[in-house]
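Below are the chains, spelled out letter by letter.
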Amino acid sequence: MNDESLVALDRQHLIHPVINYHAHEKRGVTILESGQGAYLTDSQGNVLLDAFSGLWCVNTGYGQNSVVQAGEAQMRKLPYATGYFHFGSEPAIKLAAKLVEITPVSLQHVYFTMGGSDAVDSAIRFIVNYYNSTGQPKKKHFISIERGYHGSSSQGSGLTALPAFHRHFDVPLPNQHRIPCPYAYRSSQDTSPEGIIAESVAALKSKVEELGVDNVAAFFCEPVIGSGGVIVPPKGWLKALQNCCNELGILFVVDEVITGFGRTGTMFACDAEDVTPDLMTMAKGLTAGYAPMGAVMMSDAVYQGLADGCGPDAPVGHGYTYSAHPVSAAIALEVIRLYEEGLLANGQAVARHFEAGLMAMLDHPLVGDARSRGLLGALELVANKNSKARFDPALKLSERIATAAYKNGLIFRAFTDNVLGFAPALCYTKEDFDILFERLKRTLDEVLEQPDVRLALS
Ligand SMILES: Cc1ncc(COP(=O)(O)O)c(C=O)c1O
């Protein structure tokens with residue numbers, strides 16, 4: 001089928017995630033055809049450097065033969081095994097044990113999902129069940145962070161604190177609350193690491209007090225706020241929030257859907273600060289996007305609460321047909337082997353080129369802030385570097401930048417509030433980073449040449 005017919009069929013039938021539907025119909029789809037290493041090729045034959053690992057997930061890079069072989073072998077042997085009725089499969093059991101081995105010691109049990117949204121949704125269901133099971137039925141309130149992203153399930157979208165996910169969807173729910181984002185670049189308070197940490201801890205304490213500690217179930221956060229603009233809290237922030245939750249007696253849930261599997265340097269962001277959450281959600285890098293899979297992990301205390309609470313003859317009524325899918329599990333095991341046998345170390349070694357490249361972009365007239373941890377980073381574009389004034393949204397700067405970048409053979413995420421997000425694969429080389437920053441600079445220079453953009457700089 002030729003490209004034109006595919007574009008027409010897409011326009012008629014395929015609903016894309018988080019997009020303006022009519023704008024998409026007008027623009028048409030860009031069809032990606034193949035990938036190798038850090039590079040993608042589209043249906044027109046354009047070769048593009050992917051600086052976003054698909055959707056911050058293809059941490060291994062494309063075309064990893066051993067991963068393809070692991071999936072193929074499992075498909076031939078046993079393409080599906082239900083986890084219901086006490087059945088299971090070897091790869092899923094091995095993967096559960098592997099995840100317990102490589103995550104913080106507090107996490108002892110795994111429930112597998114198809115991605116991140118249903119991992120968060122499962123976490124919420126388990127937490128509600130846990131408190132009902134353990135005689136604390138008043139604990140129904142959930143707290144998350146402004147600009148946080150926790151997927152788009154019916155409940156998770158309410159923990160997500162981005163307006164697009166709330167509008168017309170009747171969330172957040174009355175039991176979902178937020179504290180301010182640790183956004184140093186845009187904070188008017190004390191922006192020292194200690195100041196940022198103290199502010200978040202104080203905000204969480206005061207929110208829990210306001211709701212009443214007996215009514216609060218859990219606090220959810222990302223170690224680096226991803227979809228909200230790659231906002232990097234200072235080192236020590238995550239641990240301080242864990243300590244605060246422990247003191248208050250509420251469950252501490254770390255959402256490592258983006259930060260897990262080497263994205264921020266260590267296997268999990270929790271590892272860098274010796275954080276031991278009560279629950280953790282993960283997806284994306286777990287299978288590096290080669291098959292859909294996510295997971296929610298929990299402490300033994302939470303697991304035992306659920307197990308004891310359902311009584312001798314009743315099930316814990318939470319399940320998915322594709323939970324612990326053997327093909328996804330076989331793929332995840334091979335992907336983790338790649339991380340452990342070189343990719344994680346490579347990601348750590350090349351992260352300095354990434355950081356140096358981002359920092360050098362601060363000299364560009366459009367760039368107000370550069371921030372990163374490991375291979376997760378962002379540039380924030382501003383109309384005025386002193387006042388940090390944002391560009392008028394009417395300029396549609398993000399769209400212009402994404403279009404110009406694509407023409408220059410580069411893909412990254414241009415968020416609507418003019419934050420450019422980057423999540424290069426762990427297989428990147430120094431040369432890949434040289435290409436990334438050369439193409440990025442060229443892109444920003446070209447956009448700056450547009451008279452209305454230059455005029456908007458003050
Ligand atoms: C931190 C976080 N949690 C949850 C999700 C939802 O994951 P998914 O898109 O796989 O449903 C995402 C997706 O980007 C995420 O970044």
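Structure: see above.
Predicted model, so just to flag it, every value in this text is computed and none were measured. (Residues numbered from 1 in each chain as written. Predicted model: local features only at pLDDT ≥ 70, side-chain atom pairs only at ≥ 80, totals over all residues. Heavy atoms only, no water.)

Asks: Where do I start with the packing of helix 6 (residues 116-133) against helix 10 (residues 300-309) in this structure?
Replies: A packed helix pair is summarised by two numbers, namely the angle formed by the two axes and the spacing between the axes. Between helix 6 and helix 10, whose axes approach to 8 Å, the crossing angle comes to 65 degrees. Along this stretch, helix 6 crosses helix 10, giving a crossing that reads as left-handed. On the side of helix 6, the interface is formed by F126, N129, Y130 and S133, while helix 10 contributes A301, V302, G305, L306 and G309. Each residue belonging to the contact of helix 6 with helix 10 can be placed in one class, and the counts come to 5 nonpolar, 4 polar and no charged. (Axes fitted to C-alpha atoms, helices over the stretch in contact; angles between N-to-C directions. Helix = DSSP H or I, 4+ residues; strand = E, 2+ residues; numbered from the N terminus. Left-handed = near helix turned anticlockwise from the far one by under 90°. Contact = heavy atoms within 4.5 Å. Nonpolar A, V, L, I, M, F, W, Y, C, P; charged D, E, K, R; others polar.)

Asks: Whenever I open this one, the sheet that holds strand 15 (residues 419-422) confuses me. Can you help?
Replies: Consider a sheet: its strands pair through backbone hydrogen bonds, and that pairing is either parallel or antiparallel. In spatial order, the strands read 11-12-15-14; together these 4 strands make up an open sheet with antiparallel pairing. Looking at the sheet topology across the chains shown, the edges are occupied by strand 11 (367-373) and strand 14 (413-414). The sheet strands contacting helix 13 (residues 430-448) are strand 11, strand 12 (376-381) and strand 15, and the helix crosses strand 15 at an angle near 165 degrees. (Pairing = 2+ DSSP bridges.)

Asks: I'm lost on helix 11 (residues 326-360) in this one. Help?
Replies: Note: α-helices contain 3.6 residues per turn, so residues at a spacing of three or four share the same orientation. Counted at 1.5 Å a residue, the expected span for helix 11 with its 35 residues is 51 Å, but the 45 Å between its end C-alpha atoms falls short. A maximum bend of about 60 degrees is found in helix 11 at E340. (Expected span 1.5 Å × (residues − 1). Bend = angle between axes of the 7 residues up to and from the residue.)

Asks: Explain the nonpolar core here, please?
Replies: The tendency in soluble globular proteins is for nonpolar side chains to be buried side by side. One finds L99, F219, F261, F422, L436 and L440 to be the most contacted residues of the largest nonpolar core, which totals 96 residues. With 14 residues, the top contributor of residues to this core is helix 11. Both of domain 1 (3-63 + 342-456) and domain 2 (66-338) provide at least three residues apiece to this core. Leaving out residues up to four positions away in the same chain, F261 has contacts with N59, L99, I102, M267, F268, M282, A283, G285, L286, I336, Y339 and L426. Of all hydrophobic cores here, the second largest spans 21 residues; its members include Y131, L159, F220 and V302. (Core = buried A, V, L, I, M, F, W, Y, C linked by side-chain atoms within 4.5 Å. Buried < 20%, exposed > 50% of the residue type's maximum accessible area, 1.4 Å probe, protein only. Domains from an automatic or database assignment.)

Asks: Please explain the pairing of strand 2 (residues 39-42) as it appears in this structure.
Replies: If a strand is regular, its side chains alternate between the two faces of the sheet. By the alternation rule, side chains of strand 2 split into L40 and D42, which are all buried, and Y39 and T41, of which none is buried. Across 4 bridges, strand 1 (residues 32-36) lies against strand 2 in antiparallel orientation. Within the sheet, the bridge partner assigned to L32 lies in strand 2 and is D42. Remark: 2 residues form the turn of the hairpin made by strand 1 and strand 2, two consecutive strands paired antiparallel; G37 in that turn has positive phi of roughly 60 degrees. In this structure, strand 2 lies alongside strand 3 (residues 47-50), joined through 3 bridges in antiparallel fashion. Residue pairing in the sheet places Y39 in a bridge with L49 of strand 3. Hairpin connection between strand 2 and strand 3: a loop of 4 residues separates the two successive antiparallel strands, and G45 in this loop has a positive phi of roughly 90 degrees.

Asks: Just to check I follow, could you spell out the packing of aromatic side chains for this structure?
Replies: The description of an aromatic ring pair rests on the distance of the ring centres and on the angle between the ring planes. Per the stated rule, a full pass over the model turns up 15 aromatic pairs. Ring geometry for F142 against F220: centres 6.2 Å apart, planes inclined by 55 degrees, an arrangement best described as tilted. Here the residue F142 occupies a position in strand 5 (residues 141-145), and F220 occupies one in strand 7 (residues 216-221), the gap between them amounting to 78 residues. Among the aromatic side chains, those forming a connected cluster through ring pairs are F52, W56 and F415. Positioned over the ring face of Y185 is K388, at 4.5 Å from the centre of the ring. (Phe/Tyr/Trp six-rings, centres within 6.5 Å; stacked < 30°, edge-to-face > 60°. Lys NZ or Arg CZ within 6 Å of the ring centre and 35° of its normal.)

Asks: What exactly am I supposed to notice about the state of the cysteines here?
Replies: The term disulfide refers to a covalent linkage connecting the sulfur atoms of a pair of cysteines. Evaluated as defined, the whole model comprises 0 disulfides. Lacking any disulfide linkage, C270 is separated from the closest cysteine sulfur, that of C221, by 8.2 Å. No disulfide involves C427; its sulfur sits 13 Å from the nearest other cysteine sulfur, which is in C57. For C427, a relative accessible area of 22% gives the class partly exposed. (Disulfide = S-S within 2.5 Å.)

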